[in-house]
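Architecture and fold: a report
Below, each chain spelled out in residue letters.
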Amino acid sequence: RGEIDRLPRPQGDVARNKALEVWLNKMLMRTLNEDEIEATTSDRVHKSQMGLHMYKVSPGDLTFIGLRENKDRLYEVLFVHSQGLFDSLVGLVRQYCPSPARGQALEILWATAKALVLSVGLQDADYFPDASS
């Protein structure tokens, strides 16, 4: 929860929710390559929504899947858990890993965490009916 408090909060929840949306878009934009950005730009998606759009969590995409009313809560969950997991791994590595191995250790732990999140989601066919086990 501490990370979320570092977001700008000029005018309460509206500004805070917009800050979460901006942060998520910025982080997701970092994962896109030039071809994806160019393709999205040709779809007339504004840069402020490009990352969200590519991962299908823009406000418009959420309306389509029935989650628009819960957008702010969803964005908060994505922020808190992604940033919290990363901060926890960084803290663990800083505390227990020798300096020269920290980068590699963090890379291994982050890859493992991503695999676990995927695996946990795939264990229930009700959530991912098209996924093969």
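Okay, so let's go over this structure. (Residues numbered from 1 in each chain as written. Predicted model: local features only at pLDDT ≥ 70, side-chain atom pairs only at ≥ 80, totals over all residues. Heavy atoms only, no water.)

Right, let's get into the overall build of the chain. The helix and strand tally for the chain stands at six helices and zero strands. Shown N-terminal to C-terminal, the secondary structure of the chain runs as helices and strands in the order α-α-α-α-α-α. Within the chain, the fraction of its 133 residues that count as buried is 29%. Long-range contacts, defined here as pairs at least 24 residues apart, represent 40% of the contacts in the chain between residues at least 6 apart. Counting only carbon and sulfur atoms, one obtains 56% of the accessible surface of the chain, whose full area is about 9,700 Å². (Helix = DSSP H or I, 4+ residues; strand = E, 2+ residues; numbered from the N terminus. Buried < 20%, exposed > 50% of the residue type's maximum accessible area, 1.4 Å probe, protein only. Contact = heavy atoms within 4.5 Å. Areas by Shrake-Rupley, 256 points an atom, 1.4 Å probe, with all protein chains shown as cover.)

Core analysis: the biggest nonpolar cluster contains nine residues, these being Leu 20, Trp 23, Leu 24, Leu 28, Leu 52, Val 57, Leu 62, Tyr 75 and Phe 79. Looking at this core, the elements with two or more residues in it are α1 (12-29) and α5 (71-96). Examining the composition of this core, we find that four residues originate from one element, α1, more than from any other. By size, the runner-up hydrophobic cluster in this structure holds seven residues, among which are Leu 89, Val 93, Cys 97 and Ala 105. (Core = buried A, V, L, I, M, F, W, Y, C linked by side-chain atoms within 4.5 Å.)

Below, the discussion takes up the environment of Gln 49. Its location among the elements puts Gln 49 in the loop between α2 (34-42) and α3 (50-54). Once the C-alpha coordinates of Gln 49 and Glu 21 are considered, the two residues, 28 residues apart in sequence, prove to be 8.6 Å apart. Contacts of Gln 49, omitting those with residues within four sequence positions, involve Lys 18, Glu 21, Asn 25, Ser 58 and Pro 59. A distance of 2.7 Å separates the side chain of Gln 49 from the side chain of Glu 21, its partner in a polar contact. (Polar contact = N/O pair within 3.5 Å; in protein donor to acceptor, adjacent residues only side chain to side chain.)

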